[in-house]
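Listed below are the residues making up each chain.
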Amino acid sequence: QSPTQGGSSDHSSSSTLGSADFQKLKALTDGPPKELKIRLIKVESGDRETFIASEVEEKRIPLHEISIKNTAAEIIRSCKAARVKGKFKESYLLPAFSVKPTSHMEHPIPREKLNPPTPSIYLESKRDAFSPVLLQFCTDPKNPITVIRGLAGSLRLNLGLFSTKSLVEANSEHAVEVRTQVQQPADENWDPTGTGQIWPCESSRSHTTIAKYAQYQASSFQESLQVGLYSFGKIIKFGTNIDLSDPKRWKPQLQELQKLPAFMRVSSSGNMLSHVGHTILGMNTVQLYMKVPGSRTPGHQENNNFCSVNINIGPGDCEWFAVHDNYWKAISDFCEKHGVDYLTGSWWPVLEDLYRSNIPVYRFIQRPGDLVWINAGTVHWVQAVGWCNNIAWNVGPLNAYQYQLALERFEWNEVKNVKSIVPMIHVSWNVARTVKITDPDTYKMIKHCLLQSMKHIQVLRDQLVAAGKKISYQSRVKDEPAYYCNECDVEVFDLLFVTSENGSKKTYVVRCEDCARQRSPNLSNVVVLEQYRMEDLMNTYDSFSLVRTHIHI
């Protein structure tokens, strides 16, 4: 090997190399080495055999023709050949793979159909809770929300472990976020002057402890015995987002929830959130809510449109309102019209507005022991009727509808500059590495996402290398979180643009390529780290295949 081809040669010495040498040198940094396949063809002439070497040209597929039928090597070759200039931006979703139910939103719906009955399931026995039919029903795209009546009784769940008394005994000094709100009827939301119905529903935030909120909850109950249940317009406090993630601190409580069917559990192999590899508070951990009558959880879809599970501990009831994902954009438009941000603001729909727009609303009461399953993308808002506690968390069943809605919201969040709490690209690669997918629709969607991810990485890699930018490999460590851009909050996968910024102690800041270039157009003082070797991603991609299931009849 001549010294000019040595791996240790520095780019700075390239001025002294001949251009042919420099090309060889550059080729070495171009990822997996290119090979020229040679086929030896035997030629017999007379009594002796000779061989002639024949080059076999790899067939190049134009980048726009690449699909999930191609191998990783073909994808990488096409990326290299395409020599993409400028920003390469393509969706991770393929419209042809969509599994959304077709909605007939254009036809007017008669008034009585605008309040459809909520699917309510009564379990005859414990065995029914573990039937695959229940999972199918809850995750059916046609059912935005399902109440499982008395699930706690069927499964002999000891909900007393989550009562205010038990919580105080377990962790009286634990932090509680408090929302100060105005008590009003569940289907009304008055402006401050009390003259009309509005969408924005503001509440101020403060902090207290479980013991102090428990005291407030109890005294509010005592007071009502004297003055009556409701005095609308009164100021109330709602104890929200109480974090029950610590397994040492909440051992009996978390253990009790293991009695639930696998698809509802906080953690299970079929749950995408169990493949994040780190904690996302309130999503793959349990959160608790402590309420007095009138406590409101304003309108929202769950983070990244994931499903969620909510159990009312009691003793009082909660009233729920829910709308199918099909109508989220219409509700988002209402928010915009009323000057409140759909994704990050606080709003309470005016029911009459929804009915006038032909939007059906599910409305029901959740009693103590009832479990509510909120399907992917369902818009919902909740008000406490009595004094009660609730526990809730998210789940991401690995089905095509859930995966599609999660990726759609991932891309919409990017448009809206809102952080996707679930790092969908990171999760998709983890799922491909560890989960056997048996549903063809889900498989195609995940495979396409990996394909797009590989294209993004390879095109960006080639552009950086062509510009002479060094890429340093630094493998991931156990429990290392996914990364987000420090400026725009987009998920940054595999290629991290890192600067060290001197504060009191040296901190390393990760950015996406765009934000890194905004600060430093030619990326000087920016280190580019690569967290996965392209060969590893290629192997994951190629070995991710649909698992055929054999049904024995």
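An unreviewed UniProt entry annotates the protein as Lysine-specific demethylase 6B of Astyanax mexicanus. Turning to the protein, the UniProt annotation filed under Subunit (unreviewed entry) states: "Interacts with TLE1. Component of the MLL4 complex, at least composed of KMT2B/MLL4, ASH2L, RBBP5, WDR5, and KDM6B. Interacts with TBX21, SMARCA4, SMARCC1 and SMARCC2." Quoted straight from UniProt, the Catalytic activity (unreviewed entry) entry for the protein says "N(6),N(6),N(6)-trimethyl-L-lysyl(27)-[histone H3] + 2 2-oxoglutarate + 2 O2 = N(6)-methyl-L-lysyl(27)-[histone H3] + 2 formaldehyde + 2 succinate + 2 CO2".

Would you explain the environment of Ser274 in this entry?
Following the sequence through the fold, Ser274 ends up in the loop between α8 (251-256) and β8 (287-291). Distance from Ser274 to Asn430, taken between C-alpha atoms, is 9.9 Å for residues 156 residues apart in sequence. Each residue touching Ser274, except ones within four places of it in the same chain, is listed here: Val266, Ser267 and Ser268. Among the polar contacts made by the side chain of Ser274, one reaches the side chain of Ser267 at a distance of 3.4 Å.

Please clarify how helix α15 (residues 534-543) should be interpreted in this entry.
What α15 keeps buried is the set Met534, Leu537, Met538, Thr540 and Tyr541. What you see down the axis of α15 is that its buried residues fit within an arc of 165 degrees, all on one side. Residues Asn539 and Ser543 are exposed on α15 and point more than 90 degrees away from its buried face.

What am I meant to see in the sheet that holds strand β10 (residues 307-315) here?
What links the strands of a sheet is backbone hydrogen bonding, and the strands pair in either a parallel or an antiparallel sense. The strand order across the open sheet formed by nine strands is β3-β4-β13-β10-β15-β8-β7-β5-β6, and the pairing between neighbours is mixed. This sheet does not close on itself; its edge strands, each paired only once, are β3 (120-122) and β6 (204-209). For this sheet the average axis-to-axis angle between neighbouring strands, irrespective of direction, equals 25 degrees. Bridge count between β10 and strand β15 (residues 388-395): eight bridges; the pairing is antiparallel. Paired with Asn312 across the strands is Asn390, a residue of β15. Helix-sheet contacts for helix α4 (residues 132-139) involve β3, β4 (145-149) and β13 (371-374), and the interaxial angle to β4 is about 140 degrees.

In this structure, what is going on with the sheet that holds strand β16 (residues 471-473)? I would like to understand it.
Across the sheet, four strands lie side by side as β16-β21-β19-β20; this open sheet has mixed pairing. Strand pairing shows two members of the sheet lacking a second neighbour, β16 and β20 (506-511), which therefore form its edges. Strand-to-strand twist in this sheet, taken as the mean axis angle between neighbours without regard to direction, amounts to 40 degrees. Summarising the sheet, strand β19 (residues 495-502) and strand β21 (residues 527-530) pair through four bridges and their orientation is antiparallel.

Got a minute to help me understand the pairing of strand β11 (residues 318-323) in this structure?
With respect to burial, β11 is a largely interior element, six of its six residues being buried. Side-chain alternation along β11 places Cys318, Trp320 and Ala322 on one buried face and Glu319, Phe321 and Val323 on a second face that is also buried. Where β11 and strand β12 (residues 362-366) come together, five bridges link them in antiparallel fashion. Within β12, the position partnered with Phe321 by the bridge is Arg363. Summarising the sheet, β11 and strand β14 (residues 379-384) pair through six bridges and their orientation is antiparallel. Note on β14: the bridge partner recorded for Glu319 is Gln383.

Would you mind showing me how to read the nonpolar core here?
The tendency in soluble globular proteins is for nonpolar side chains to be buried as a group. With 59 residues, the main nonpolar core has Met424 and Tyr541 as its most contacted residues. Of all elements in the fold, only α2 (72-82), α11 (400-415), α12 (424-434), α13 (440-466), β19 and α15 reach the threshold of two or more residues within this core. Excluding anything up to four places from it in sequence, Tyr541 contacts Ser67, Ile68, Asn70, Thr71, Ala72, Ile75, Trp429, Lys447, Leu450, Leu451 and Met454. Leu260, Val292, Val309 and Trp387 belong to the second-largest nonpolar core, a separate cluster that totals 44 residues.

Mind showing me how you'd approach the pattern of salt bridges here?
Side chains that differ in sign of charge can pair as their charged atoms come close. Within the structure shown, the criterion is met by 24 salt bridges. Residue Lys89 pairs with Glu414 through a salt bridge whose shortest N-O separation is 3.7 Å. On the criterion of sequence distance, the pair formed by Lys89 in the loop between α2 and β3 and Glu414 in helix α11 is long-range, its members being 325 residues apart. Close ionic contact of Glu501 with Arg519 constitutes a salt bridge, the shortest N to O distance being 3.6 Å. With a gap of 18 residues between them, Glu501 in strand β19 and Arg519 in helix α14 (residues 513-519) connect regions that are remote in the sequence. Relative accessible area serves as the criterion here: at 53%, Arg519 is assigned to the exposed category. Three or more residues are tied together by salt bridges with common partners; here these are Lys87, Glu513, Asp514 and Arg517.

Any chance you could explain the packing of aromatic side chains here in plain terms?
When we look at a pair of aromatic rings, we describe it by the centre distance and by the angle of the planes. Tallied over the entire structure, the rule returns 16 aromatic pairs. Both rings, one in Phe221 and one in Trp387, keep their centres 5.0 Å apart while their planes meet at 85 degrees; by these two values the pair is edge-to-face. Of this pair, Phe221 sits in helix α7 (residues 210-227) while Trp387 sits in the loop between β14 and β15; the two residues are 166 residues apart in sequence, bridging distant segments of the chain. Between Trp328 and Trp412, the ring centres sit 5.7 Å apart and the planes meet at 65 degrees, which makes this aromatic pair edge-to-face. Of this pair, Trp328 sits in helix α9 (residues 328-337) while Trp412 sits in helix α11, and the two are 84 residues apart along the sequence. Cluster of aromatic residues (ring-pair linked, three or more members): Trp199, Trp328, Phe334, Tyr342, Trp347 and Trp412.

About the criteria used
- Residues numbered from 1 in each chain as written.
- Predicted model: local features only at pLDDT ≥ 70, side-chain atom pairs only at ≥ 80, totals over all residues.
- Heavy atoms only, no water.
- UniProt positions renumbered as here; feature names shortened; annotations may be inferred.
- Helix = DSSP H or I, 4+ residues; strand = E, 2+ residues; numbered from the N terminus.
- Contact = heavy atoms within 4.5 Å.
- Polar contact = N/O pair within 3.5 Å; in protein donor to acceptor, adjacent residues only side chain to side chain.
- Buried < 20%, exposed > 50% of the residue type's maximum accessible area, 1.4 Å probe, protein only.
- Arc of directions from axis to C-beta.
- Pairing = 2+ DSSP bridges.
- Axes fitted to C-alpha atoms, helices over the stretch in contact; angles between N-to-C directions.
- Core = buried A, V, L, I, M, F, W, Y, C linked by side-chain atoms within 4.5 Å.
- Salt bridge = Lys/Arg side-chain N within 4 Å of Asp/Glu carboxyl O.
- Phe/Tyr/Trp six-rings, centres within 6.5 Å; stacked < 30°, edge-to-face > 60°.

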